[in-house]
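Residue-level structural notes
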Amino acid sequence: MSSPASTPSRRRGKRGRGSNPSTPQDARSPPSQKRRADDSTSTGDLQPLPTSPPADVQSPGAADALFSSPPQFRHSAIPLDFDISSPLTYGTPSSRVEGTPRSGVRGTPVRQRPDLGSARKARQVDLHSDGLAEDIVATDQSLGQKLVIWGTDVNVASCKEKFQRFLQRFIDPLDKEDEDIGLDLNEPRYMQRLQEINMVGEPFLNVNCDHLRSFDENLYRQLICYPQEVIPTFDMAANEIFFDRYPDSILEHQIQVRPYNALKTRNMRNLNPEDIDQLITISGMVIRSSQLIPEMQEAFFKCQVCSFTTRVEIDRGRIAEPSVCKNCNTTHSMALIHNRSMFSDKQMIKLQESPEDMPAGQTPHTVVLFAHNDLVDKVQPGDRVNVTGIYRAVPIRVNPRVSSVKSVYKTHIDVIHYRKTDSKRLHGVDEETEQKMFTEERVKILKELSKKADIYERLSLALAPSIYEHEDIKKGILLQLFGGSRKDFTNTGRGNFRAEINILLCGDPGTSKSQLLQYVYNLVPRGQYTSGKGSSAVGLTAYVMKDPETRQLVLQTGALVLSDNGICCIDEFDKMNESTRSVLHEVMEQQTLSIAKAGIICQLNARTSILAAANPIESQWNPKKTTIENIQLPHTLLSRFDLIFLMLDPRDEAYDRRLARHLVSLYYQSEEKMEEEYVDMAILRDYIAYARCYVNPRISEEASQALIEAYVDMRKIGSGRGMVSAYPRQLESLIRLAEAHAKVRFSDKVETIDVEEAKRLHREALKQSATDPRTGIVDISILTTGMSATARKRKEELAQALRKLIQSKGKTPSLKYQQLFDDLRAQSDTAVTKEMFEEALRALADDDFLTVTGKTVRLL
Amino acid sequence: MPCVGDWLNNPLSIVRGFFAQNAPNSDWEKKVTEYFKEKLKENNATNWVPSLNDIPVHYLKPNSLVKFRCMIQDMFDPELYMGVYETVDSNTSARVLHFGKYRDVAECGPQQEIDLNSSQTVTLERQTFYCVPVPGESAWSVVLNHRFHAYISASQARVSPSTSYTPSRHKRSYEEDEDMDLHPSKQKEQHMGNSSGGDIHGCVEPKRLETEAPAGHHLISPNCSPPLDLNFPLPGEKGPACLVKVYESWESFKVNDVLEVYGILSVDPVLSIVNSEERDSSALDPMECMDTVEEQRVHSPPASLVPRIHVILAQKLQHINPLLPACLKEEESKTCEFVSNFMSELSPVRAELLGFLTHALLGDSLAAEYLILHLISTVYARRDVLPLGKFAVNLSGCPRNSIFTEHVYRIIQQLVPASHRLQMTVESMNQSRFIPHKDYTANRLVSGVLQLASNTSLVVDETQLEQGQLDTTGVRNVTALGNLITWQKVDYDFNYHRMEFPCNINVLITSEGRSLLPSDCQVHLQPQIMPPNMEEYMSSLLTAVLPSMLNKFRIYLSLLRLLDYSISDEVTKAVEEDFVEMRKNDPESITADDLHKTLLVARFLSLSAGQTTLSRERWLRAKQLEALRKARLRQQQSVNGNEL
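Residues numbered from 1 in each chain as written. Chains lettered and ligands numbered in written order. Predicted model: local features only at pLDDT ≥ 70, side-chain atom pairs only at ≥ 80, totals over all residues. Heavy atoms only, no water.

Chain B goes by Mini-chromosome maintenance complex-binding protein in an unreviewed UniProt entry, where it is assigned to Sakesphorus luctuosus. If you open the UniProt record of chain B and go to Subcellular location (unreviewed entry), you find "Nucleus". Quoted verbatim from the Sequence similarities (unreviewed entry) field of the UniProt record, the comment on chain B reads "Belongs to the MCMBP family." (UniProt positions renumbered as here; feature names shortened; annotations may be inferred.)

Labelled according to an unreviewed UniProt entry, chain A appears under the name DNA replication licensing factor MCM4, originating from Sakesphorus luctuosus. Under the UniProt heading Catalytic activity (unreviewed entry), the entry covering chain A gives this text: "ATP + H2O = ADP + phosphate + H(+)".

Next up on the list: the overall build of chain B. When helices and strands are counted, chain B shows 22 helices and 20 strands. Sequence-distant contacts, at least 24 apart, represent 77% of the contacts inside chain B between residues at least 6 apart. Accessible area for chain B stands at about 26400 Å²; split by element, carbon and sulfur atoms hold 52% of it. (Helix = DSSP H or I, 4+ residues; strand = E, 2+ residues; numbered from the N terminus. Contact = heavy atoms within 4.5 Å. Areas by Shrake-Rupley, 256 points an atom, 1.4 Å probe, with all protein chains shown as cover.)

Let us look at the overall build of chain A. Within chain A, the secondary structure is distributed over 32 helices and 27 strands. Look at the contacts in chain A between residues 6 or more apart in sequence, and 69% of them connect residues 24 or more apart. Of the roughly 36700 Å² of accessible surface on chain A, a fraction of 51% belongs to carbon and sulfur atoms.

So, about unusual backbone geometry. Residue and element names in this part refer to chain B. Phi is positive for asparagine 256, which is not a glycine, with a value near 75 degrees. Here asparagine 256 is to be found in the loop between β7 (242-246) and β8 (258-266). Looking at asparagine 256, the relative accessible area reads 10%, which means it is buried. With a phi angle near 60 degrees, leucine 362 is a residue other than glycine that sits in the positive phi range. With respect to the secondary-structure elements, leucine 362 resides in the loop between α13 (346-360) and α14 (365-375). Here leucine 362 falls in the buried class, since its relative accessible area comes to 0%. (Buried < 20%, exposed > 50% of the residue type's maximum accessible area, 1.4 Å probe, protein only.)

Attention shifts here to the pattern of salt bridges. Pairing is possible between side chains of opposite charge, provided their charged atoms come close. All names here are of chain B. Overall, the coordinates contain 28 salt bridges over all chains when judged by the stated rule. With a shortest N-O distance of 4.0 Å, arginine 126 and aspartate 104 are connected by a salt bridge. One end of the pair, arginine 126, is in strand β6 (residues 122-132); the other, aspartate 104, is in the loop between β3 (95-99) and β4 (105-106), with 22 residues separating them in the sequence. The class for arginine 126 is buried, based on a relative accessible area of 0%. (Salt bridge = Lys/Arg side-chain N within 4 Å of Asp/Glu carboxyl O.)

Bringing helix α19 (residues 547-561) of chain B into the picture now. Residue and element names in this part refer to chain B. In this model, α19 (15 residues) spans 22 Å end to end at C-alpha, consistent with the 21 Å of a helix rising 1.5 Å per residue. With 11 of its 15 residues buried, α19 lies for the most part within the structure. Along α19, the residues that are buried comprise Met549, Leu550, Phe553, Arg554, Ile555, Tyr556, Leu557, Ser558, Leu559, Leu560 and Arg561. (Expected span 1.5 Å × (residues − 1).)

With respect to the helices, strands and loops of the structure, lysine 809 of chain A is situated in the loop between α30 (789-808) and β25 (814-816). Beyond its immediate stretch of four places on either side in the chain, lysine 809 of chain A contacts Leu815, Gln819 and Asp823 of chain A.

Working note: a packed helix pair is described by the angle between its axes plus the distance between those axes. Residues and elements named next belong to chain B. The N-to-C vectors of helix α15 (residues 404-415) and helix α18 (residues 534-544) enclose an angle of 10 degrees; their axes lie 10 Å apart at closest approach. It follows that α15 is roughly parallel to α18 by the angle criterion. Every residue of α18 that contacts α15 at Phe404, His407, Ile411 and Gln414 is listed here: Met534, Glu535, Met538, Ser539, Leu541 and Leu542. Considered class by class, the residues forming the contact of α15 with α18 number six nonpolar, three polar and one charged. (Axes fitted to C-alpha atoms, helices over the stretch in contact; angles between N-to-C directions. Parallel < 35°, antiparallel > 145°, perpendicular 65-115°, else oblique. Nonpolar A, V, L, I, M, F, W, Y, C, P; charged D, E, K, R; others polar.)

What follows concerns the packing of aromatic side chains. Any pair of aromatic rings gets described here by the distance separating the centres and the angle formed by the planes. Per the counting criterion, the structure on display carries 20 aromatic pairs over all chains. Summarising the aromatic geometry, the rings of phenylalanine 76 of chain B and tyrosine 130 of chain B are spaced 6.1 Å apart at their centres and angled 35 degrees between planes, so their arrangement reads as tilted. Linking phenylalanine 76 of chain B in the loop between β1 (65-75) and β2 (79-89) with tyrosine 130 of chain B in strand β6, this pair joins segments that are 54 residues apart in sequence. You can call phenylalanine 76 of chain B buried: its relative accessible area is 4%. Each member of the aromatic cluster is reached from another via a ring pair, and the members are Phe163, Phe166, Phe170, Tyr190, Phe215 and Phe234 of chain A. In this structure, arginine 258 of chain A is placed above the aromatic ring of phenylalanine 204 of chain A, and the distance from its NZ or CZ to the ring centre is 3.8 Å. Geometry around phenylalanine 370 of chain A places lysine 346 of chain A over its ring, the cationic atom sitting 4.3 Å from the centre. (Phe/Tyr/Trp six-rings, centres within 6.5 Å; stacked < 30°, edge-to-face > 60°. Lys NZ or Arg CZ within 6 Å of the ring centre and 35° of its normal.)

On inspection of all chains with the given rule, the structure shows zero disulfides over all chains. Cysteine 328 of chain A supplies the cysteine sulfur nearest to cysteine 306 of chain A, a cysteine that is in no disulfide, at a spacing of 3.4 Å. (Disulfide = S-S within 2.5 Å.)

The strands making up a sheet are joined through hydrogen bonds of the backbone, oriented either antiparallel or parallel. Residue and element names in this part refer to chain A. With parallel pairing, five strands are arranged side by side in an open sheet as β15-β18-β21-β14-β22. A single partner strand is all that each edge strand has here, and the edge strands are β15 (527-531) and β22 (643-647). The average undirected angle you get between the axes of adjacent strands in this sheet is 15 degrees. (Pairing = 2+ DSSP bridges.)

Quick look at the environment of aspartate 268 of chain B now. Residue and element names in this part refer to chain B. Looking at the secondary structure, you find aspartate 268 in the loop between β8 and α10 (270-281). In sequence terms aspartate 268 and aspartate 104 are 164 residues apart; their C-alpha atoms lie 8.0 Å from each other. For aspartate 268, the residues in contact, after removing those within four places along its chain, are Val105 and Ala303.

Okay, the sheet that holds strand β27 (residues 856-859) of chain A next. All names here are of chain A. The strand order across the open sheet built from three strands is β25-β27-β26, with neighbouring strands paired in antiparallel fashion. Across the chains shown, the open sheet's two edge strands, defined by having one partner strand only, are β25 and β26 (850-853). Adjacent strand axes in the sheet meet at a mean angle of 25 degrees, parallel and antiparallel pairs treated alike. Direction of pairing for β26 relative to β27: antiparallel, over a ladder of four bridges. Bridging across to β27, threonine 853 finds its partner in threonine 856.

Attention shifts here to α13 of chain B. Owing to its 3.6 residues per turn, the α-helix brings residues three or four apart onto one side. All names here are of chain B. In this model, α13 (15 residues) spans 21 Å end to end at C-alpha, consistent with the 21 Å of a helix rising 1.5 Å per residue. Of the residues making up α13, those classed as buried are Leu346, Val349, Arg350, Leu353, Phe356, Leu357, Thr358 and Ala360. Downstream of α13 by one or two residues, leucine 362 has phi in the positive range, about 60 degrees.

Further remarks concern the side chain of glutamine 451 of chain B. All names here are of chain B. Its place among the elements puts glutamine 451 in the loop between β15 (444-446) and β16 (456-461). For glutamine 451, the side chain forms a polar contact with the main-chain oxygen of glutamine 73, separated by 2.9 Å. Among the polar contacts listed, one links the side chain of glutamine 451 to the side chain of asparagine 256, at a separation of 3.1 Å. Sequence-distant contacts of glutamine 451, that is, excluding residues within four places in its chain, are made with Met71, Ile72, Gln73, Pro135, Pro233, Val255, Asn256, Phe434, Pro436, Leu445 and Tyr492. (Polar contact = N/O pair within 3.5 Å; in protein donor to acceptor, adjacent residues only side chain to side chain.)

Below, the structure written as structure tokens:
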């Protein structure tokens, strides 16, 4: 078995890594096995196996020599490689034979895995009668390959072999993940990962369990059920491959395999006793993290009398202090030497269910996580994470003085892998996967639904059914919910094109605008609702806060950033103050938010659609005025809305009648009946989420022609009368709307019908909002310049008239203001107000024709 | 088999019996619940079970069967426990199986030891709810519930609440308020206000409490850790809080649900001991640093303060009116009989109630009519975000700074089973906690005034409000109150996100002019009489009503809330016509909103007369009422000129 030779070879390995070819069949210690050994020792009170030395092996002795170098020696030589103490023979003879140790493997120190190892405490629980492997018993030495870990069906050798095969062969060209940047999907994925490890030097190999599952169902099952046994085997396998390939690689410690995305449990609420000691993945939000806790792994004792030293390993959270010195037999002479003891980092984290997973009306559940070593401080309170780890239950300790025990267990999860779900938001990767899983049946239902001819109408009816009619508005909002396709023109210098559709609703009070906003806010997962009156620029954007505990500056995000990839509903848009509104300019076109505050300068993504509602300034909509005049919003902001709808109270009998019927039915129908009638809210929500994730329509040839025509037509309407009725921004809106409509149909192509609908909706909205009340003609310049073309024309005419008037007066250097005004009024056939007169003067002053000083007008 | 008294006094012995009979398979659990269900069905059996609501914990026998009427204030994480475990005798090494259900502590004899690694161990899951008595429960409801217990009259328990038990409880909350707040003086003031509000409950003598409490405080504080916040939603509340352990179908319960639970009372002192010992001895054990001290205090408080109940049977209550059968939905002959009996004498009761309320509202019968409608309103459905059936009334024109509003509240309190009066002042808005929020250090939901059970009457008194500056908390509180009225939901603050909890609270706002809070309808009070001595007038009003009549009022209001309602097609047509007609005549002033309101009024008007369908007459009457109300408002406007 092992040989004293191992010691020199180890040392060589350490000092001259790789220079020395491995001692072949150095049966004793491929550290990979020792590592394995560590893990299994940690599994608690091992019954002394034939091969295992007593617990205090550390003391020099014959038994020790069998397995490893003397501890002191080892300690000085390889400080990291602690805990060789436990011998363990968990590696079966066969694996020893196979696990051809390479110098690389041996040269790299092993790092203990407390994430698996704290099992030693869990051992005591033993929830299931036969539990998981407590000890590993080589059932029959001669059988070699047939050995399994006791209590499981895991055969170390075959498990390792399978996993190696998985690493070497697994290819899935279709599966794309956001971490995969720079990977060749047609090559074995994990071999590339290993290469990456070689280059980067981060000795962690993340393995997607889903891949493993598709590769070998049985291995996956073993991993889920016996993570504590299987993961070390994986480590071993990975290290062998790695050092086989890159024998010269220098790593901090050996590669640790970190599986993630185990499908066992998704939701905290589904955790149940059966999951104990299994590998699970749950998602949630970090709400609290503790300080770093140094956990003693191994205590170092020194005899006060003879300076004899010994090490004691922690066992179930306790250190058994040696009462007698082995060397000089003095009692109570051993003292703990702190700075020679071994500690590992540990952190307690509280994870709370994510709000989406919570059933209505219940409070969120929390679960305790323990992170070890380098996973400590990887997450901050507020982060959304997916955690993969082993679920543990520990009994509340037996009190020595009271015979009774609390019959309750404490549960926690030992973290193996974190995956932040919202970190993606920071990369601008267009991947709103949302971790949303659709079951196959669900997808089928949704697809079937999408095939229906009237799906667009159907969905728009399902939207806020309690709000009566306003069908076009609902359709507009529906398209907003779907959004356009995201396009990237960064290369050509224009950056991202906005895919989000912004909508403004304005109209009489009491036309259920707020209700519509509330509905949308409740429908979308990342919706935010604010009221213009109550929000400040800071509340919308982000602010810097000093965390009271850590004294750290923290960036707190406001509504706009929070609704990234969602919809920000802003009620009482008109009541918002100027400075607050100004932040919206950037958000609504560039979809970013720049912050420069308290030394933090950054640009956050705010790819949010804005659904705003505004009341007219005179509380009632004045049909004699333009939209701008009615709501008094700057036109620069207005032009950023794709659709502006007026919600007016139509005064017509048929409408009233239908409205009355609708309302009456609301007041007596039972809840069940209501639900039958419409597509239910959950379906609608899934439908939208699915479309947003998976449908990304592109414009077809005909559609682009149709769009061009539509745009040209729009330009033409106005050009006849010297007005412009469309700008490129309108074309962009049309494209977005058409794309959104194609998304509704789950179509990958934007077709002519989509363009038709986009045109229609756009025209409807324009008709309502951009009609010049004086002429009754749709005039887009109302929205783009804040003034209708006729008004502008009239202004110019007046200025010209004034100029003529002044010129007709001959060569007078200056004129009286009041007199000029009176003259102009007398001359003009329409009423000229003082404002109009002043405006005309200003226009002439701009032309350098005259200047106005006080009450006199000077010609230049 | 156990004898009759056993299931009351020693239910665990019965459970043990079932367990012994069917040990290994899990049938025994079902049998236990069935057994108790049967037992409780026997005539009046439920009344023999002592209730934690009336009897202080220390008068109850540990491990006996108790019941508790409560609201779920918070839900803790589910816990895993040893469902079945095995003990080994250290001398004889005989192995015995035990059950862990319905217990906090795994029991074993002096010579025995629990074998944690036994193959027989079964791990199960249970859920813990933190429950408090229904907030704002009216005194009459408590007393009447109380009266049902034969048990009480026999024991001296009845006397005790007012002597030893209540003051101590009160003192605790007193101290803690101080603890929580940085401005003890202000807090104290507020507290005074609260407890004088609490005296309306009728069973506490506030003066004595005020004098006694500080004294007790000084005695205890030196050697005692700061007292526990029992986390009642309303300030000045008292009564036991309880950790209710639920074993079955806990998913069906929601926060703020009102429950009646039957279960085994567990006050084992070990529960607290284990705690403190653990903390001392476990410096090295990393497992113990899992919970902060605060969290431990909250999640495992001393059992003497917060007893545990292991639930055998739990049922959601539709209402907490003790005068009504507990469950009206069930098609029991007894219930039907009760309802039909009452319905037959409905109209005189209504007339009496109207008269009574008219007097209370100083002779204003219109306002009284609206008050009835308000009191029987309830959210019966939600159409996407829109709650249907809420009817928040703003009673404007209340005389300022008089005790009128207080007395109106007193009368409402006499009529409804749960109510709360919220005095709006700038200070109270700025200082009190309306929205429940999550305290992550202690890992619990810290309650707020707006965490109320369904159908609680919330009387907001705006007459006290002066001009002043609202700070952030104040603005947030007012917004929350507004949201509550408009959407019938409260957004609980979970620090990193908010969560919406739907609620069903009847809000009545008393104000001088139009309230700053939204409301569904504003009724301007027009007093017909101005009694010189308001105090005397109002108190005489209450004493003049016969208790039997008062009970009828109470039944009336609770019962009508639960009735179904429909509108026939003909009436729908008629309403349609009507609406179109009205719009034709006056398109400016009749909007969809008005139709909403009129339909609501019609609904409650029909229900208040015991009719479950809308008739043409009721519709006209509703319109008439609305017209009257509006005329009054217009008149008021023209008087003031500057309103609206």
